[in-house]
Amino acid sequence: MKKILYIIVTVLETACFAGAYIINYFTRKRMGMARYVVYKNQGWRTGYPLETMTYAVIVLVAVLAAFTIILYIRRRKEAGSRLLAMNIVMLLLDCWYIWFTLVNSADTLRAYYFMSLLFALTAILQTMKTCAAVLSYKKAEYTRK
Amino acid sequence: MKKKWLCVLLCTGMVVSMAAGCGGQSDDKKTKEKTEDTGEKSDVKADSVEQKKVYVSPEWVQSVIDGNQKESEDYVILECAWGEEEDDAAYGEGHIKGAYHMNTDSVESEEYWNIRTPEEIEALAAEYGITKDTTVICYGDSGTNSADDRIAFTFLWAGVENVKCLDGGLEAWTKAGFSTETGSNTPEETKEAFGTTVPAHPEYILSIDTVKEKLENDDNFKLVSIRSEAEFLGETSGYGYIDKAGEPKGAIWGHDTDDGSYNNSDGTTVGLDVVESFLKESDASLDNELSFYCGTGWRAAIPFLICYENGLTNISMYDGGWYQWQMDDTLPVQVGNPASADCVFTTVGELSTDKAPK
């Protein structure tokens, strides 16, 4: 069951990354897509407090990542290389999301909101997956003792 | 163990490739100066045309390039298309000698896709070495493509006195047997002043408020929709990003340019008689004050330019088009043929939001 969930989440993460790339590609290549994206940007900008939401998600991702890393460090001696790899990927994805969101904007990259949202999803999924793996590992160790 | 590290490497690779993809936008100004001339020496002499004449033949354009027109002293050729130069397949495959690519986004602002501010257009003109005395020759890939007409209209509005469109576009050019070149041309910025206040012809563009006021109070005013019949009848918005379909209340149909209604069988642009015949269908004439519009301002440029080159002065463009109109819930609209009894008159706010083409 755990393995199936792990695979599903990994597929979702990959789909989010691919989706961000595809949206950006067609926004640059197709006029209709570019205008659709700009139209959606305008709607979102007027309908939602995007800046506040962006910072809230960044903080959430950072806090979740910090919590997971602390948990992992506590168990690092007992933990295997699989958990180490998951933590590294989590850090990479989280850093990528935060860097992308802070460095770019809808003025410089039309598909920015779409891409930032998809990268946020990827980062959160990976962080939760890693956190769950660290927690379940700990539980397993505890049960064994 | 190997599988785990492979997974880490794959994820890292994805991040790096995304970074490379996103960074691509910033270096679009990197241009290659290399230009390959695939044609032979030519010395075409064509009859001169009046300054107000907009649609010109391939022969005339070639004669300008060959130095045989008075316009040869100061001219710019613009290959007009949406998108960056590297994404413009038509320009990459071959363009008229010396032509610069111009992205239509450089003349349109994002809010309503209306023409940018006078300051932005003046800066754009300077970037391409254009002053009011420069002859600007625009072309697109075909006669029905209105990207060149949109840009030609913009420079006329700005104050360029001699603006041309290659009649029939690149298709007509190649059909006439003239050569193209590949490679990229970079315009040389001019430090010279534009030479007049931009816009020199503000009267060419009507604002949404003016259109609303004229539709209510001016019987001689005709708002002419240059859209497809399905768009005019409110069956579809015609655009993936516009949810509502209909027309401003009081608009008449002037036929579409995308379906070839404004082209002769050889792809060249029709004459004023065709515009007149379209107006007659709605009991309007060239004597009315005419304001053309479409979705966002491309297609409407064609009948405007036809009227302009034939000396009409009672013409304008409602630049905001249906896109801007349908953003205000209070504005009056018609759905259906206004000449028929079953035409529905309502407001934008009452329209359904499922009319974007699927």
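Everything quoted here is computed from the prediction, not taken from an experiment.

### What about the sheet that holds strand β2 (residues 55-56) of chain B?
Note: strands within a sheet are paired through backbone hydrogen bonds, in either parallel or antiparallel orientation.
Residues and elements named next belong to chain B.
And step 1. Spatially, β2-β6-β5-β3-β4 is the arrangement adopted by the 5 strands of the open sheet, whose pairing is parallel. The sheet is open, and its two borders are formed by β2 and β4 (100-103), each paired with just one other strand.
And step 2. Pairing of strand β3 (residues 75-81) with strand β5 (residues 135-139) involves 5 bridges; the strand directions are parallel. For V76, the partnering residue across the bridge sits in β5 and is V136.

### Section: the UniProt feature "domain: Rhodanese" (unreviewed entry) in chain B
All names here are of chain B.
And step 1. Per the UniProt record, "domain: Rhodanese" (unreviewed entry) is found at residues 71-182 and 217-334.
And step 2. Helix makes up 30% of residues 71-182 and strand 21%, and the two end C-alpha atoms of the span are 24 Å apart.
And step 3. Split by type, residues 217-334 is 24% helix and 18% strand. Its first and last C-alpha atoms lie 17 Å apart.

### A closer look at the nonpolar core
And step 1. Counting 59 residues, the largest nonpolar core has L78, I130, F155 and F292 of chain B as its most contacted members.
And step 2. The dominant element in this core, judged by the number of residues it contributes, is helix α5 (residues 147-158) of chain B, at 8 residues.
And step 3. Two domains share this core, each providing at least three of its residues, namely domain 1 (4-175) and domain 2 (202-350) of chain B.
And step 4. If we ignore the near neighbours within four places in the chain, the residues touching F155 of chain B are L78, M102, L124, A125, I130, V136, V160 and V163 of chain B.
And step 5. Counting residues in hydrophobic clusters, the runner-up holds 24 residues, among them A20, Y97, F119 and A123 of chain A.

### A look at the domain arrangement of chain B
Residue and element names in this part refer to chain B.
And step 1. Here the domain parsing of chain B yields domain 1 (4-175) and domain 2 (202-350).
And step 2. Across the boundary between the two partners, domain 1 contributes 28 residues, which contact 29 residues of domain 2.
And step 3. Both faces considered, domain 1 and domain 2 share a buried interface measuring about 2,500 Å² in area, 60% of it formed by carbon and sulfur atoms.
And step 4. Of all residues in domain 1, the largest losses of buried area upon contact with domain 2 belong to K52, Y112 and F153, amounting jointly to 25% of the total for that side.
And step 5. Inspection of the domain 1/domain 2 interface yields 2 salt bridges.

### A word on the environment of F194 of chain B
Residue and element names in this part refer to chain B.
And step 1. By the secondary structure assignment, F194 is in the loop between β7 (181-183) and β8 (205-206).
And step 2. Residue F194 is classed as buried on the basis of its relative accessible area, which comes to 4%.
And step 3. Distance in space between the C-alpha atoms of F194 and A126 is 7.2 Å, their sequence separation being 68 residues.
And step 4. Sequence-distant contacts of F194, that is, excluding residues within four places in its chain, are made with E122, A125, I130, T131, K132, A158, G159 and V160.

### Observations concerning the packing of helix α1 (residues 2-29) of chain A against helix α2 (residues 31-47) of chain A
Residues and elements named next belong to chain A.
And step 1. Packing of α1 against α2 brings their axes to within 5 Å, and their N-to-C directions diverge by 115°. Compared by their axis directions, α1 and α2 come out roughly perpendicular. Pair α1 / α2 crosses with left-handed handedness. In this structure, α1 uses I23, F26, T27 and K29 to contact α2, whose residues at the interface are M31, M33, A34 and V37.
And step 2. Of the residues contributing to the contact of α1 with α2, the split by class is 6 nonpolar, 1 polar and 1 charged.

### Brief notes about the sheet that holds strand β14 (residues 332-335) of chain B
Residues and elements named next belong to chain B.
And step 1. The antiparallel open sheet is built from 3 strands, whose spatial order is β10-β14-β15. Of all strands in the sheet, those bounded by a partner on one side alone are β10 (247-248) and β15 (344-347).
And step 2. Looking at chain direction, β14 and β15 are connected through 4 bridges and run antiparallel. Bridge pairing links Q334 to F345 in β15.

### A few points about α1 of chain A
And step 1. The end-to-end C-alpha distance of α1 of chain A, which contains 28 residues, comes to 40 Å, matching closely the 40 Å that a straight helix rising 1.5 Å per residue would cover.
And step 2. Listed in full, the buried residues belonging to α1 of chain A are V9, E13, C16, F17, G19, A20, I23, N24, T27 and R28 of chain A.

### Notes on the pattern of salt bridges
And step 1. A full pass over the atoms with the stated rule returns 22 salt bridges over all chains.
And step 2. E86 of chain B is paired through a salt bridge with R28 of chain A; the nearest N and O atoms lie 3.8 Å apart. Of this pair, E86 of chain B sits in the loop between β3 and α3 (89-93) while R28 of chain A sits in helix α1, placing the two residues on different chains.
And step 3. Among the charged side chains, a salt-bridge network with shared partners connects R227, E231, E247, D256 and R299 of chain B.

### Considerations on the packing of aromatic side chains
And step 1. Under the definition given, this model contains 23 aromatic pairs over all chains.
And step 2. Here W96 of chain A and F100 of chain A contribute two aromatic rings whose centre-to-centre distance is 6.1 Å and whose plane-to-plane angle is 35°, an arrangement assigned as tilted. Of this pair, W96 of chain A and F100 of chain A both sit in helix α4 (residues 81-103), 4 residues apart, roughly one helical turn.
And step 3. Ring centres 4.8 Å apart and planes at 90° place the aromatic pair F153 of chain B and F304 of chain B in the edge-to-face group. Here F153 of chain B, found in helix α5, pairs with F304 of chain B, found in helix α10 (residues 301-309); they are 151 residues apart in sequence, far enough to count as distant. F304 of chain B shares its class with F153 of chain B; the two are buried.
And step 4. Following the ring pairs from residue to residue traces out a cluster consisting of F17, W44, W96, W99, F100, Y112, Y113, F114 and F119 of chain A.

Conventions used here
- Residues numbered from 1 in each chain as written.
- Chains lettered and ligands numbered in written order.
- Predicted model: local features only at pLDDT ≥ 70, side-chain atom pairs only at ≥ 80, totals over all residues.
- Heavy atoms only, no water.
- Pairing = 2+ DSSP bridges.
- Helix = DSSP H or I, 4+ residues; strand = E, 2+ residues; numbered from the N terminus.
- UniProt positions renumbered as here; feature names shortened; annotations may be inferred.
- Core = buried A, V, L, I, M, F, W, Y, C linked by side-chain atoms within 4.5 Å.
- Buried < 20%, exposed > 50% of the residue type's maximum accessible area, 1.4 Å probe, protein only.
- Domains from an automatic or database assignment.
- Contact = heavy atoms within 4.5 Å.
- Buried area = accessible area lost by both parts, 1.4 Å probe.
- Salt bridge = Lys/Arg side-chain N within 4 Å of Asp/Glu carboxyl O.
- Axes fitted to C-alpha atoms, helices over the stretch in contact; angles between N-to-C directions.
- Parallel < 35°, antiparallel > 145°, perpendicular 65-115°, else oblique.
- Left-handed = near helix turned anticlockwise from the far one by under 90°.
- Nonpolar A, V, L, I, M, F, W, Y, C, P; charged D, E, K, R; others polar.
- Expected span 1.5 Å × (residues − 1).
- Phe/Tyr/Trp six-rings, centres within 6.5 Å; stacked < 30°, edge-to-face > 60°.

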